[in-house]
Number of protein chains: 2
Amino acid sequence: MSVRAGIVVTGTEVLTGRVADRNGPWVADRLLELGVELAHITICGDRPADIEAQLRFLAAEGVDLIVTSGGLGPTADDMTVEVVARFCDRELVLDTELEAKIAAILQHLMARFTGVDFDAVLAANRKQAMVPVGAHVLDPVGTAPGVVVAGSPTVLVLPGPPRELQAMWPAAVADEAFQQAIAGRTVYRQDTVRMFGLAESSLAETLREAESLPGFGDLEITTCLRRGEVEMVTRYEPQSAPAYTRLMDLIRSRHGDTLFSEDGSLVDDQVAGLLAGRRIATAESCTGGLLAARLTERAGSSAYVAGAVVAYANSAKADVLDVEPALIEQFGAVSQEVAEAMAAGALRRFGADTAVAITGIAGPGGGTEDKPVGTVWFCVMLGDGTTVSRSVRLPGDRADIRERSTTVAMHMLRRALLGLS
Amino acid sequence: MSVRAGIVVTGTEVLTGRVADRNGPWVADRLLELGVELAHITICGDRPADIEAQLRFLAAEGVDLIVTSGGLGPTADDMTVEVVARFCDRELVLDTELEAKIAAILQHLMARFTGVDFDAVLAANRKQAMVPVGAHVLDPVGTAPGVVVAGSPTVLVLPGPPRELQAMWPAAVADEAFQQAIAGRTVYRQDTVRMFGLAESSLAETLREAESLPGFGDLEITTCLRRGEVEMVTRYEPQSAPAYTRLMDLIRSRHGDTLFSEDGSLVDDQVAGLLAGRRIATAESCTGGLLAARLTERAGSSAYVAGAVVAYANSAKADVLDVEPALIEQFGAVSQEVAEAMAAGALRRFGADTAVAITGIAGPGGGTEDKPVGTVWFCVMLGDGTTVSRSVRLPGDRADIRERSTTVAMHMLRRALLGLS
């Protein structure tokens, strides 16, 4: 027996693509962790009829739990609670205790703005205190409370801002009606492995070969290309662990050279670990600082990131990284020589022991026959003199090439720090 | 009369949030441009029953057009075409001409990899040449062809990789069956305005006031908070233009000081225009290069971006930007004094005439009572001596604070370049 769920994301700004939905994927992850099978995510605008149609669709598909996000704000286009009440056949009533809580929050918030008519704001926010009869209220994180309505399916109504939704999640999971809805869940194991430098179709070939392994049919495998890496995720019930072990033995024998993660770790995690005790600086041209931004994404990176120079203009390569102008003239800004000079400049300038340089043509202009758009030179240089340089030609548009370049750099860095060639 | 559409995004990696869906929003935008009303986006995993349920749901909702993305690859979990054929009640047949095309593409691709069994790859890709009887084939951009099946609704099947989907779109729109499906579309106008430094609830109050304006009811308005800006999008049929004009008069009178865009332009567009003929450098600490990355996102930015120094370590602030260590000691790295010294250092170091410095506490650690997490100092300095400094306290987590900081910086830069205070 398993528990299935659906997620309803509301908001015209999400439906029309003006804002990327961050809630669907986040809730999906949480549900999977809980052992709940996610069947559908549906997205619609702020139209009551469309929201209701999606609720009815999910109920007809037999899901045990529906999680909605968005449409809890003070403006007239926010009406998820109203629609959910109708769908669950419950009346909406004013929760006066909740109303007082929201008023207190608003009073605090409004202190930041001048010239605001507080009574008008309160009136606008009163509808946020209307809840379906018998529903459980989840305390607001921003100004919007969440709601759990028990039933078949049970409906959990959460706010749209990801920060509020995420902060409210633990209270939602602890709710009794929520726990009842997911009581029959199966606990799955999920393992993720990642490869770099492998064609997805080569992996597909290996998986066809794996079909003859005992128990292979009990593994639910998905593969995808992601940021230039091939990711394979396998979901299975605990008793199928031996089949997964057999599969991994085969994968290791076929693709061991490209397999860099078997424990779900990202190359970013691995590089962060390898940089402990070191001091890194980057010298970037076409990536414009994206590699430094990626290295400093995680808390604690100040322990090993010294800094970066984005030398976008050629004069900046010379002035800030001491790249000889003659090198640029002779070999071009996108060349092994200039990449190495940039890395050496970064080492010196920041007193670092680890440097990565990137110089390439992100396009759409600037390509030549010899060096078409997508040509990128990389250099990793370590304090002990180790120097690894490499050029690649990356596919895609300007944004793809810039982002993919940071991935290539991370993998070169990983291999250099591990002492691999 | 209007034409409604639905989008079905397939792929377990998208459903489970391992890969962010870029296709739904992109297709949504294109449909809106065509004047097609988008009703629903639905996302499901690679399970035939779920894909089919979504197709049936959209058909029952009366949409005229369904666009699917994903599930066209060579692996066994890719089965969108098969499901669509069943849904449209058509048999699948091998298109031998298409098979030859795919083989030619593969031969070219496989040249990059060594040790690949070409026949095995061909066999795996044969299913990509199976199409529903009578369907129109859209030539592959990668290896997967698209398909248009005319009917009620008409179904357009597109590949999952965004680059392939986007490249295939013009051919899909030109297709006769697609054109027939959208023949009854209404042309809408859509206008976007953006405000910075305004509470969303203040705008909500103005919109309630606007309810008394003649024709207001014919405007479909959505508002959202996005990257710290309030965005208002209004959709209306051309005859309602006077109502929109009245609304904008009201908004200008209430929020003129925060309204920075009435033509849909982003602050990035405006800053790019204002930087023409200038030379900018950034000096970044907590943002780790994100502002430089944002400034160089667009093609042609090399005309005005000189570069950046990410001075993550305090020693880098001193060594690379010539910030006096005594300043850091006296005022702390997150202070007006250090922000200004960083900006001055960037101007000098890059021979720039425009500099932006950012230094702040992105968290989660490092906050103090005086300077809690989220405290960020900014300085914009121009060649003529103009210096604008400001501190803000930003909400959210590390990623939010870093990203929001770039938005504050862009707005300060815009105002400084326009000569506003």
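Calculation criteria
Residues numbered from 1 in each chain as written. Chains lettered and ligands numbered in written order. Predicted model: local features only at pLDDT ≥ 70, side-chain atom pairs only at ≥ 80, totals over all residues. Heavy atoms only, no water. Axes fitted to C-alpha atoms, helices over the stretch in contact; angles between N-to-C directions. Helix = DSSP H or I, 4+ residues; strand = E, 2+ residues; numbered from the N terminus. Parallel < 35°, antiparallel > 145°, perpendicular 65-115°, else oblique. Left-handed = near helix turned anticlockwise from the far one by under 90°. Contact = heavy atoms within 4.5 Å. Nonpolar A, V, L, I, M, F, W, Y, C, P; charged D, E, K, R; others polar. Pairing = 2+ DSSP bridges. Disulfide = S-S within 2.5 Å. Least-squares fit on C-alpha atoms with pLDDT ≥ 70 in both. Domains from an automatic or database assignment. Buried < 20%, exposed > 50% of the residue type's maximum accessible area, 1.4 Å probe, protein only. Polar contact = N/O pair within 3.5 Å; in protein donor to acceptor, adjacent residues only side chain to side chain. Core = buried A, V, L, I, M, F, W, Y, C linked by side-chain atoms within 4.5 Å. Salt bridge = Lys/Arg side-chain N within 4 Å of Asp/Glu carboxyl O. Buried area = accessible area lost by both parts, 1.4 Å probe. Phe/Tyr/Trp six-rings, centres within 6.5 Å; stacked < 30°, edge-to-face > 60°.

Participant: Can you walk me through the packing of helix H9 (residues 200–210) of chain B against helix H10 (residues 241–255) of chain B in this structure?
Facilitator: Working note: a packed helix pair is described by the angle between its axes plus the distance between those axes. Residues and elements named next belong to chain B. Between H9 and H10, the shortest axis-to-axis distance is 10 Å and the interhelical angle comes to 140°. The orientation of H9 relative to H10 falls into the category oblique. Crossing handedness for the pair H9 and H10: right-handed. Residues Ser202, Leu203, Thr206, Leu207, Glu209 and Ala210 of H9 touch H10, and the partners they reach there are Leu247, Leu250, Ile251, Arg254 and His255. Looking at the contact of H9 with H10, its residues break down into six nonpolar, three polar and two charged.

Participant: When you look at the sheet that holds strand E16 (residues 375–382) of chain A in this model, what are you seeing that I'm missing?
Facilitator: Whenever strands of a sheet pair, they do so through backbone hydrogen bonds, lying parallel or antiparallel. Judged by pairing direction, the sheet is mixed, and its 10 strands sit side by side in the order E17(A)-E16(A)-E15(A)-E13(A)-E14(A)-E14(B)-E13(B)-E15(B)-E16(B)-E17(B) without closing on themselves. The open sheet has two free edges, formed respectively by strand E17 (387–393) of chain A together with strand E17 (387–393) of chain B, since each of these has just one partner strand. Going from strand to strand, the sheet's axes swing by 10° on average, the running direction of each strand aside. Two strands pair when backbone bridges link them, and E16 of chain A and E17 of chain A are joined in this way by seven bridges, in the antiparallel orientation. Bridging across to E17 of chain A, Thr375 of chain A finds its partner in Arg393 of chain A. Against the sheet, helix H16 (residues 398–418) of chain A makes contact with strand E13 (280–284), strand E15 (354–360), E16 and E17 of chain A, and its axis sits at roughly 30° relative to E16 of chain A, the strand it touches most. Its contacts with the sheet place helix H13 (residues 314–321) of chain B against strand E14 (305–311) of chain A together with strand E13 (280–284), strand E14 (305–311) and strand E15 (354–360) of chain B, and it is angled at close to 140° to E14 of chain B.

Participant: How should the state of the cysteines be read in this particular structure?
Facilitator: Note on terminology: disulfide describes a covalent bond linking the sulfur atoms of two cysteines. The tally for this structure, following the rule as stated, stands at zero disulfides over all chains. Cys88 of chain A takes part in no disulfide bond, and the closest cysteine sulfur, belonging to Cys44 of chain A, lies 15 Å away.

Participant: Would you take a moment to explain the relation of the copies chain A and chain B for this structure?
Facilitator: For these two chain copies, the linking operation is a rotation about an axis paired with a shift along it. Superposing chain A onto chain B requires a rotation of 180° together with a translation of 0.0 Å along the rotation axis, leaving an RMSD of 0.1 Å. Here the copies are linked by what is in effect a two-fold axis.

Participant: It is not clear to me how the domain arrangement of chain A should be interpreted in this structure. Could you clarify?
Facilitator: Accessible area lost upon the coming together of the parts serves often as the stated size of an interface. Partitioning chain A into domains gives domain 1 (4–181), domain 2 (189–265) and domain 3 (268–418). Once you take the C-alpha centre of each, domain 1 of chain A and domain 3 of chain A turn out to be 44 Å apart.

Participant: Looking at this structure, I do not really get H9 of chain B. What am I missing?
Facilitator: Along an α-helix, residues three or four apart share an orientation, since each turn contains 3.6 residues. Within H9 of chain B, burial applies to Ser201, Ser202, Leu203, Ala204, Thr206, Leu207 and Ala210 of chain B. Tucked inside the fold, the buried residues of H9 of chain B contact helix H5 (96–110) of chain A together with strand E9 (189–196), strand E10 (220–226), strand E11 (229–236) and H10 of chain B.

Participant: How should I be thinking about the environment of Thr375 of chain A in this particular structure?
Facilitator: Residue and element names in this part refer to chain A. Along the chain, the position of Thr375 falls in strand E16. Along the chain, Thr375 and Gly360 lie 15 residues apart, while their C-alpha atoms are 5.6 Å from each other. At 2.7 Å, the side chain of Thr375 and the backbone oxygen of Pro372 are in polar contact.

Participant: Mind showing me how you'd approach the nonpolar core here?
Facilitator: Side chains of a nonpolar character, in soluble globular proteins, are inclined to be buried together. Formed by 57 residues in total, the largest nonpolar core has its most connected members in Leu31, Leu156 and Trp169 of chain A together with Leu31, Leu156, Leu158 and Trp169 of chain B. Setting aside anything within four residues of it in sequence, one finds Leu156 of chain B in contact with Ile66, Val67, Thr68, Leu138, Val147, Val148, Trp169, Ala172 and Phe178 of chain B.

Participant: How should I be thinking about the sheet that holds strand E8 (residues 154–158) of chain A in this particular structure?
Facilitator: Strand order in the open sheet formed by 12 strands is E6(A)-E7(A)-E8(A)-E3(A)-E1(A)-E2(A)-E2(B)-E1(B)-E3(B)-E8(B)-E7(B)-E6(B), with mixed pairing between adjacent strands. Where the open sheet ends on each side, the last strands, each with one partner, are strand E6 (136–138) of chain A together with strand E6 (136–138) of chain B. Going from strand to strand, the sheet's axes swing by 15° on average, the running direction of each strand aside. Bridge count between strand E1 (residues 4–10) of chain A and strand E2 (residues 37–44) of chain A: seven bridges; the pairing is parallel. Bridge assignment links Ile7 of chain A to a residue of E2 of chain A, and that residue is Ile41 of chain A. Sitting on the sheet, helix H7 (residues 162–174) of chain A is in contact with strand E3 (65–69), E6, strand E7 (146–149) and E8 of chain A, with an inclination near 145° to E8 of chain A. Strand contacts of helix H4 (residues 80–87) of chain B: strand E1 (4–10), strand E3 (65–69), strand E7 (146–149) and strand E8 (154–158) of chain B, with the helix running at about 175° to E8 of chain B, the strand carrying the most contacts.

Participant: Can you help me understand the side chain of Thr287 of chain A in this one?
Facilitator: The topology assignment puts Thr287 of chain A in the loop between E13 and helix H12 (290–295). For Thr287 of chain A, a relative accessible area of 0% translates into the label buried. Not counting residues within four places of it along the chain, the set of residues in contact with Thr287 of chain A comprises Ile358, Arg402, Ser405 and Thr406 of chain A together with Ala293 of chain B.

Participant: I keep staring at the pattern of salt bridges and nothing clicks. Help me out?
Facilitator: Oppositely charged side chains are able to pair whenever their charged atoms sit close together. Inspection of the entire model under this criterion finds 42 salt bridges over all chains. Between Asp249 of chain A and Arg252 of chain A there is a salt bridge, with the nearest N and O atoms lying 3.0 Å from each other. Here Arg252 of chain A and Asp249 of chain A lie together in helix H10 (residues 241–255), a separation of three residues that amounts to about one turn. Residue Asp322 of chain B is joined to Arg349 of chain B by a salt bridge in which the shortest nitrogen-to-oxygen separation is 3.8 Å.

Participant: Is there a simple way to explain the environment of Ala313 of chain B in this structure?
Facilitator: Within the secondary structure, Ala313 of chain B is located in the loop between E14 and H13. Owing to a relative accessible area of 14%, Ala313 of chain B belongs among the buried residues under this scheme. Sequence-wise, Ala313 of chain B and Ala333 of chain B are 20 residues apart; in three dimensions their C-alpha atoms are separated by 9.7 Å. Apart from the residues within four sequence positions on either side, Ala313 of chain B is in contact with Arg279, Val305 and Ala306 of chain A.

Participant: Would you mind going over the interface of chain A and chain B with me for this structure?
Facilitator: Contacts between the two partners involve 92 residues from chain A and, on the opposite side, 91 residues from chain B. With both chains or domains summed, chain A and chain B bury close to 6,800 Å², and 55% of this area falls on carbon and sulfur atoms. Run the count over chain A and chain B and you get six salt bridges. Linking chain A with chain B are 28 residue pairs in polar contact (both at pLDDT 80 or more), by the criterion used here.

Participant: What am I meant to see in the pairing of E7 of chain B here?
Facilitator: Within a regular strand, the side chains alternate between the two sheet faces. Residues and elements named next belong to chain B. Neither face of E7 is exposed, since Gly146 and Val148 on one face and Val147 and Val149 on the opposite face are all buried. Note: E6 against E7, three bridges, orientation antiparallel. Residue His136 lies in a different strand from E7, and its bridge partner there is Val148. With three bridges joining them, E7 and E8 adopt antiparallel strand pairing. Looking across to E8, one finds that Val149 is bridged to Val155. Between E7 and E8, which pair antiparallel one after the other, the connecting turn spans four residues.

Participant: Got a minute to help me understand the packing of aromatic side chains in this structure?
Facilitator: A ring pair, where both rings are aromatic, is described by two values, the distance of the centres and the angle of the planes. Residue and element names in this part refer to chain A. Within the structure shown, the criterion is met by seven aromatic pairs over all chains. Ring centres of Trp26 and Trp169 lie 5.9 Å apart, and the angle between their planes is 85°; on these two criteria the pair is classed as edge-to-face. Of this pair, Trp26 sits in helix H2 (residues 23–34) while Trp169 sits in helix H7, and the two are 143 residues apart along the sequence. Since its relative accessible area comes to 6%, Trp169 is described here as buried.

Participant: I keep staring at unusual backbone geometry and nothing clicks. Help me out?
Facilitator: What you tend to see is this: most non-glycine residues have negative phi, and most peptide bonds are trans. Of note, the bond from Ser152 of chain A into Pro153 of chain A is cis; its omega dihedral lies within 30 degrees of zero at 0°. Relative to the helices and strands, Pro153 of chain A is located in the loop between E7 and E8. Even without being a glycine, Asp322 of chain A presents a positive backbone phi close to 60°. A positive phi angle is found at Asp89 of chain B, which is not glycine, with a value near 60°. The class of Asp89 of chain B is exposed, set by a relative accessible area of 72%.

Participant: Would you mind showing me how to read the pairing of E14 of chain B here?
Facilitator: Among the seven residues of E14 of chain B, seven are classified as buried, and the element is accordingly described as predominantly covered. With five bridges joining them, E14 of chain A and E14 of chain B adopt antiparallel strand pairing. Counted as the bridge partner of Gly307 of chain A is Ala311 of chain B from E14 of chain B. Both E13 of chain B and E14 of chain B contribute to a ladder of five bridges, which runs parallel. Across the sheet, Glu284 of chain B pairs through a bridge with Val310 of chain B, a residue of E14 of chain B.

Participant: What am I meant to see in helix H4 (residues 80–87) of chain A here?
Facilitator: Taken across its eight residues, H4 of chain A has six buried, putting it largely inside the fold. Phi turns positive one or two residues past the end of H4 of chain A, at Asp89 of chain A, with a value near 65°.

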